[in-house]
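Observations on chain architecture
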Amino acid sequence: MTQSHQIRIERTTAPKLKPKASDLGFGKYFTDHMFILDYDSDKGWHDARVVPYQPITLDPAAKVFHYGQTIFEGLKAYRTQEGKIVMFRPDMNMKRLNRSNDRMSIPAIDEELGIEALRQLITVDQDWIPDAPETSLYVRPFVIATEAALGVSPSQQYKFMIILSPVGSYYAEGIKPVSIYVESDYVRAVAGGVGHVKTAGNYAAGLKAQEGATAQGCAQVLWLDGVHRKYVEEVGSMNVFFYIGDKVVTPALTGGLLPGITRDSVIHLLRHWGLEVEERLVSIDELVEAQKDGSLKEMFGTGTAAVISPVGSLFWNGEKLTIGEGTTGELSARVYETMTGIQTGRLEDPFGWRVAIE
Ligand SMILES: *Cc1c(COP(=O)(O)O)cnc(C)c1O
């Protein structure tokens with residue numbers, strides 16, 4: 001840790017009661033502390049600190065409220081069976097955070113400082129890491145533009161913050177497949193836009209389609225590309241994989257989809273197992289055909305929150321297309337078991353993805 005990575009720590013004098021493991025859910029509870037780093041155009045990024053978790057005060061003219069200059073990340077920390085604390089590929093999150101910053105005209109953050117901030121904050125709040133099976137500490141770094149000015153131009157001031165939330169098992173009743181609505185009216189992103197970075201507007205813009213999917217009894221939307229409305233891009237806020245014949249296919253990173261760290265890890269893992277993985281354009285017509293001729297065996301989403309989310313059926317053009325048997329496929333289950341095993345320390349980590357804290 002260099003001089004510039006010094007982080008001041010102010011501990012709370014009023015620790016909160018911790019929720020029961022069975023009440024955790026996702027993103028409902030927050031720990032006792034948070035990390036803050038300020039930016040202004042004179043000083044650059046400065047004043048790194050861990051402080052008691054607290055509301056922040058912003059001017060109503062703060063640019064984030066008006067023009068959405070903001071980005072975020074999401075990763076998890078785990079308590080291993082031996083009691084160690086580990087994070088999963090935090091370097092990838094810091095790299096992506098800076099790619100998002102760059103796209104949204106936010107100044108870059110020292111990636112080592114970001115990782116050191118994660119270490120220190122998680123260490124201070126380590127008693128909040130749940131240890132029941134399949135629970136974890138969800139970590140949310142984010143940046144907001146705080147300058148009070150209504151001109152449309154990059155803010156001269158920002159805050160980078162990290163908050164922590166203990167989260168429960170995503171699959172309290174066991175991993176189970178979801179129904180997906182193929183969205184052909186609304187689009188999520190177009191190449192050249194901001195679909196490849198984690199910025200708030202992408203998610204606000206997706207809510208309307210999500211409401212429609214829910215009304216149809218589906219859990220999520222399958223997004224098609226914004227230009228041709230033909231090529232599959234993502235499922236909800238997850239990347240998507242198809243097991244067709246003896247190959248695994250996932251949409252190529254064409255600019256309209258988010259380069260997921262789970263996606264990257266799953267591609268590595270499948271290739272490590274000797275499976276062929278193709279990153280290419282996948283049209284909805286190809287999928288419908290593969291479903292009809294029986295070669296589409298499995299489909300699953302990937303992302304930090306759920307890790308793997310198997311898809312049991314697709315609703316498209318008024319038709320319900322069942323994927324495989326409509327149950328969790330063998331490959332999906334194996335990927336889920338192995339990924340969570342590597343992440344939580346239950347299995348060996350041949351790729352060096354786990355980063356221990358302390
Ligand atoms: C975060 C995110 C993902 C998944 O990324 P991970 O790094 O695997 O968590 C996929 N799609 C969208 C739109 C996302 O925001």
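What you are looking at is a predicted structure, and each value in this text was computed from that prediction instead of being measured.

Here the focus is the packing of aromatic side chains. Within this structure, the stated rule accounts for 12 aromatic pairs. With a centroid separation of 5.2 Å and 5° between ring planes, the pair formed by Phe 241 and Phe 300 is classed as stacked. Residue Phe 241 is located in strand 12 (residues 239–244), and its partner Phe 300 is located in strand 15 (residues 296–303); the two are separated by 59 residues in the primary sequence. Taken individually, Phe 241 and Phe 300 each receive the classification buried, so the pair is uniform in this respect. Linked through ring pairs, Tyr 39, Trp 45 and Tyr 158 together constitute an aromatic cluster. Between Lys 297 and the ring centre of Tyr 243, over which it is positioned, the NZ or CZ distance is 4.3 Å.

Time to look at unusual backbone geometry. Of note in this structure, Ser 105 is not a glycine but carries a positive phi near 55°. Its location among the elements puts Ser 105 in the loop between helix 2 (90–103) and helix 3 (111–124).

The subject of this paragraph is helix 3. Taking 1.5 Å of rise per residue, the 14 residues of helix 3 would be expected to cover 20 Å, and the 20 Å separating its terminal C-alpha atoms lies within 8% of that figure. Counting buried positions along helix 3 gives 10 out of 14 residues, so the element sits mostly inside the fold. Those residues of helix 3 not exposed but buried are Leu 113, Gly 114, Ile 115, Glu 116, Ala 117, Leu 118, Gln 120, Leu 121, Ile 122 and Val 124. At the N-terminal end of helix 3, a side-chain oxygen is found 2.9 Å from the backbone nitrogen of Glu 112, two or three residues along, and the residue is Asp 110.

Mapped onto the fold, Thr 262 is located in helix 5 (residues 261–272). The exposure class assigned to Thr 262 is buried, which follows from its relative accessible area of 4%. A polar side-chain atom of Thr 262 sits 3.4 Å from the main-chain amide nitrogen of Thr 304. Discounting residues that sit within four places of it in the chain, Thr 262 has contacts with Thr 302, Gly 303, Thr 304, Val 307 and Met 339.

Note on strand geometry: in a regular strand, side chains alternate between the two faces of the sheet. With 9 of its 10 residues buried, strand 7 (residues 136–145) lies for the most part within the structure. Across 3 bridges, the pairing between strand 4 (residues 70–72) and strand 7 is antiparallel. Residue pairing across strands places Thr 70 opposite Ile 144, the latter belonging to strand 7. Pairing of strand 5 (residues 75–79) with strand 7, which is carried by 3 bridges, proceeds in the antiparallel orientation. Pairing of Leu 75 across the sheet is with Val 139, part of strand 7.

The subject of this paragraph is the pairing of strand 9 (residues 178–183). When strand 9 meets strand 16 (residues 307–316), the two strands line up parallel, connected through 4 bridges. Following the sheet pairing, Ser 179 is matched in strand 16 by Ser 313. Regarding the hand of the β-α-β motif, the stretch spanning strand 9, helix 4 (residues 200–215) and strand 10 (residues 220–224) is right-handed.

Angle between the axes and distance between the axes are the two parameters that describe a pair of packed helices. One can describe the packing of helix 2 onto helix 3 by two numbers: an axis separation of 9 Å at closest approach and a directional angle of 130°. With respect to each other, helix 2 and helix 3 are oriented oblique. Relative to helix 3, helix 2 is oriented so that their crossing is right-handed. Residues Pro 90, Asp 91, Met 94, Lys 95 and Asn 98 of helix 2 pack against Glu 111, Gly 114, Ile 115 and Leu 118 of helix 3. Of the residues in the contact of helix 2 with helix 3, the class split is 4 nonpolar, 2 polar and 3 charged.

Here the focus is the domain arrangement of the protein chain. In terms of domains, the protein chain is made up of domain 1 (3–167) and domain 2 (178–343). The centre of domain 1, based on its C-alpha atoms, is set 28 Å off from the matching centre of domain 2. The interface of domain 1 with domain 2 comprises 22 residues on the first partner and 21 residues on the second. At the boundary of domain 1 with domain 2, total buried surface from both sides reaches about 1800 Å², with 60% on carbon and sulfur atoms. On the domain 1 side of the contact with domain 2, Phe 72, Phe 88 and Arg 96 bury the most area, a combined 33% of that side's loss. Between domain 1 and domain 2 we count 1 salt bridge in total. The partner of Asp 264 in a salt bridge is Arg 89, with the nearest N and O atoms 2.9 Å apart. Looking at the side of domain 1 that touches domain 2, the element that brings in the most residues is helix 2, giving 6 residues. Classifying every residue of the side of domain 1 that touches domain 2 gives 10 nonpolar, 5 polar and 7 charged.

Let's shift gears to the site of the ligand. Of all residues adjacent to the ligand, which total 14 residues, the nearest are Lys 198, Tyr 203, Glu 234, Thr 262 and Thr 304. Here an oxygen atom of the ligand sits 2.8 Å away from a polar atom, N or O, in the side chain of Lys 198. A distance of 2.5 Å separates a nitrogen atom of the ligand from a polar atom in the side chain of Glu 234. Across the shell around the ligand, the residue classes tally to 4 nonpolar, 6 polar and 4 charged.

Further remarks concern the nonpolar core. The biggest cluster of nonpolar side chains holds 45 residues, and the ones touching the most others in it are Leu 222, Phe 242, Leu 270 and Leu 314. In contact with Leu 270, not counting residues within four places along its chain, are Phe 241, Val 248, Leu 275, Val 277, Leu 331 and Val 335. Core analysis: the next-biggest nonpolar cluster, separate from the first, contains 35 residues, Leu 75, Leu 121, Val 124 and Val 143 among them.

Definitions and limits used
- Residues numbered from 1 in each chain as written.
- Predicted model: local features only at pLDDT ≥ 70, side-chain atom pairs only at ≥ 80, totals over all residues.
- Heavy atoms only, no water.
- Phe/Tyr/Trp six-rings, centres within 6.5 Å; stacked < 30°, edge-to-face > 60°.
- Helix = DSSP H or I, 4+ residues; strand = E, 2+ residues; numbered from the N terminus.
- Buried < 20%, exposed > 50% of the residue type's maximum accessible area, 1.4 Å probe, protein only.
- Lys NZ or Arg CZ within 6 Å of the ring centre and 35° of its normal.
- Expected span 1.5 Å × (residues − 1).
- Polar contact = N/O pair within 3.5 Å; in protein donor to acceptor, adjacent residues only side chain to side chain.
- Contact = heavy atoms within 4.5 Å.
- Pairing = 2+ DSSP bridges.
- Right-handed = clockwise from strand over helix to strand, strands pointing away.
- Axes fitted to C-alpha atoms, helices over the stretch in contact; angles between N-to-C directions.
- Parallel < 35°, antiparallel > 145°, perpendicular 65-115°, else oblique.
- Left-handed = near helix turned anticlockwise from the far one by under 90°.
- Nonpolar A, V, L, I, M, F, W, Y, C, P; charged D, E, K, R; others polar.
- Domains from an automatic or database assignment.
- Buried area = accessible area lost by both parts, 1.4 Å probe.
- Salt bridge = Lys/Arg side-chain N within 4 Å of Asp/Glu carboxyl O.
- Near = heavy atom within 4 Å.
- Core = buried A, V, L, I, M, F, W, Y, C linked by side-chain atoms within 4.5 Å.

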